[in-house]
Amino acid sequence: MVDHLLGIEGLSKNEINRYLDAAHSFVEVSERDIKKVPTLRGKTIVNIFFEPSTRTLASFDIAGKRLSADTINVSAGSSSVKKGETLLDTVRTLESMNPDILVIRHSESGAAHFVARHLHRASVVNAGDGAHEHPTQALLDLLTLRQHFAKSKRSIEGLRVGFIGDVRHSRVARSNIWAHLALGNEVRLVGPPTLVPSEMSAVFGGGSVHVVHNILEGLRDLDVVVCLRMQLERQDQHFIPSLDEYSKEYCVSEKLLERYAPASVVLHPGPINRGTEISGEVADGPRSLIRQQVNNGVAVRMAVLYLLARSAQSHEEIIK
Ligand code: CP
């Protein structure tokens, strides 16, 4: 009877807002001189990462520490996976040490679900599984948009949101698309047919998800432009003629935005490839919310850890 956060698919608008509301209250903690609250004192969080990460790993670690939990980071390179231990044996070994929450990143889609099915006492958080989902990234993106649009008294419902680039391999796009659909937003998937196949719309139930291959049409009147990293590590065949050819057509530049989506703000989950999917001018310019996304990563992960630990606590109280 433990709760997990494995994906955004299937979460309701209320459930998403519950995470965002909790994150909103944790933003202030990170602005204090003493950035620590005793909320998770005595809890243990294991971050196990089988893939490289800068933002997600650092922010989960910081989030746990700011909540006063004990955090341990295990990377595949320095774990017994190197000696041939299976994923299941590794996480069962870690569970034997009684952690309360296990945060996992893995290159295989479904890895977090697999782990959650086999663990009985620890909550599992998906920190990115293959090309499947990256739920905390979607939540921090929404929190960033919520803060931005609140300045003009707009909510984050009723937005036109475009994902530009390698949608096919993007877990960030998948989690975000489910989230925007739950909020009733219009979603545009923009890129070459190899990276944004026409049938992708049907994966999300058609309706509010539109596939557009022409970037000028795709950008038109968007409120939010999400640039996606070209994920060469997940591409097992040639999806584009060359990075040069790709960027000539699909790199999001200020010139394009000024003309086709002048009021838009820009997100990028990072790491960014300047000049490939986003120009340096856009990444560092006034419409970029990229730094704010990273900043919000800590508050969102504090919220997720707090809500999962609290729900485990209430289950314990129920069975007392
Ligand atoms: N956005 C994101 O997941 O970045 P990292 O790979 O650095 O964690």
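Rules and cut-offs
- Residues numbered from 1 in each chain as written.
- Predicted model: local features only at pLDDT ≥ 70, side-chain atom pairs only at ≥ 80, totals over all residues.
- Heavy atoms only, no water.
- Pairing = 2+ DSSP bridges.
- Helix = DSSP H or I, 4+ residues; strand = E, 2+ residues; numbered from the N terminus.
- Axes fitted to C-alpha atoms, helices over the stretch in contact; angles between N-to-C directions.
- Contact = heavy atoms within 4.5 Å.
- Phe/Tyr/Trp six-rings, centres within 6.5 Å; stacked < 30°, edge-to-face > 60°.
- Buried < 20%, exposed > 50% of the residue type's maximum accessible area, 1.4 Å probe, protein only.
- Lys NZ or Arg CZ within 6 Å of the ring centre and 35° of its normal.
- Domains from an automatic or database assignment.
- Buried area = accessible area lost by both parts, 1.4 Å probe.
- Salt bridge = Lys/Arg side-chain N within 4 Å of Asp/Glu carboxyl O.
- Polar contact = N/O pair within 3.5 Å; in protein donor to acceptor, adjacent residues only side chain to side chain.
- Nonpolar A, V, L, I, M, F, W, Y, C, P; charged D, E, K, R; others polar.
- Lys, Arg positive; Asp, Glu negative; His and termini not counted.
- Near = heavy atom within 4 Å.
- Areas by Shrake-Rupley, 256 points an atom, 1.4 Å probe, with all protein chains shown as cover.

A. Fine view of the sheet that holds strand β4 (residues 123–129). Across the sheet, 4 strands lie side by side as β2-β1-β3-β4; this open sheet has parallel pairing. Strand pairing shows two members of the sheet lacking a second neighbour, β2 (70–75) and β4, which therefore form its edges. Each strand axis lies, on average, 15° off the axis of its neighbour in the sheet, ignoring direction. Along the sheet, helix α3 (residues 87–95) makes contact with β1 (44–49), β2 and β3 (101–106), crossing β3 at roughly 155°.

B. Broad picture of the packing of aromatic side chains. Per the counting criterion, the structure on display carries 3 aromatic pairs. Between F26 and Y306, the aromatic rings sit 5.6 Å apart at their centres with planes inclined by 75°, giving edge-to-face as the arrangement. Remark: Y306 occurs in helix α12 (residues 290–319) and F26 occurs in helix α1 (residues 13–27); sequence separation between them is 280 residues. On the basis of relative accessibility, which here comes to 8%, the residue F26 falls in the buried class. For R18, the ring lying beneath its charged end belongs to Y19, and the centroid distance is 6.0 Å.

C. Focus on the sheet that holds strand β9 (residues 265–267). Spatial strand order, β7-β6-β5-β8-β9: 5 strands in an open sheet with parallel pairing. The open sheet terminates on both sides in strands that have one partner only, identified here as β7 (209–212) and β9. Strand-to-strand twist across the sheet, computed as the mean angle between neighbouring axes with direction ignored, equals 20°. As defined by bridge partners, strand β8 (residues 224–227) adjoins β9 across 3 bridges and the pair is classed as parallel. The residue of β9 that forms the bridge with V226 is L267. The strands that helix α5 (residues 135–150) touches are β8 and β9; relative to β9, the one it contacts most, it runs at about 165°. Against the sheet, helix α6 (residues 171–182) touches β5 (160–164), β6 (186–190) and β7, its axis set at about 170° to β5.

D. Up close: unusual backbone geometry. Cis peptide bonds are those with omega within 30 degrees of zero, and the linkage from G270 to P271 qualifies with -10°. A positive phi angle is found at S68, which is not glycine, with a value near 70°. On the secondary structure map, S68 appears in the loop between α2 (55–66) and β2. Residue classification places S68 among the buried positions, given a relative accessible area of 16%. One non-glycine residue, D221, lies in positive phi territory at about 65°. One can find D221 in the loop between α8 (215–219) and β8. What makes D221 partly exposed here is its relative accessible area of 44%.

E. Representation of the domain arrangement of the chain. By domain assignment, the chain separates into domain 1 (13–132 + 297–314) and domain 2 (135–293). Computed over C-alpha atoms, the centres of domain 1 and domain 2 are 26 Å apart. On the side of domain 2, 24 residues touch domain 1, which itself brings 26 residues to the contact. At the boundary of domain 1 with domain 2, total buried surface from both sides reaches about 1900 Å², with 59% on carbon and sulfur atoms. If you look at where domain 1 meets domain 2, you find 3 salt bridges. Our enumeration of links across domain 1 and domain 2 arrives at 8 residue pairs in polar contact (both at pLDDT 80 or more). Mapped by element, the contributors of at least two residues to the side of domain 1 that touches domain 2 are α1, α2, β3, β4 and α12. Among the elements that make up the side of domain 1 that touches domain 2, the one with the highest residue count is α1 (9 residues). Partitioning the side of domain 1 that touches domain 2 into residue classes produces 10 nonpolar, 9 polar and 7 charged.

F. Molecular detail of the side chain of R174. Here R174 shows up in helix α6. Although buried, R174 forms no salt bridge, and the nearest oppositely charged side chain, D166, lies 7.9 Å from it. In this view, R174 contacts A131, H132, V167, R168, M200 and F204; residues no more than four positions away in its chain are not counted.

G. Representation of the site of the ligand within the structure. Contacts to the ligand come from S53, T54, R55, T56, R105, H134, Q137, P269 and G270. A distance of 2.9 Å separates an oxygen atom of the ligand from a polar side-chain atom of H134. Take P269: an N or O atom from its main chain is 2.8 Å from a nitrogen atom of the ligand. Contact with the protein chains removes 91% of the 260 Å² of surface that the ligand exposes when unbound. Classifying every residue of the shell around the ligand by side-chain character gives 1 nonpolar, 6 polar and 2 charged. Looking at which domains feed residues into the shell around the ligand, each of domain 1 (13–132 + 297–314) and domain 2 (135–293) supplies at least three.

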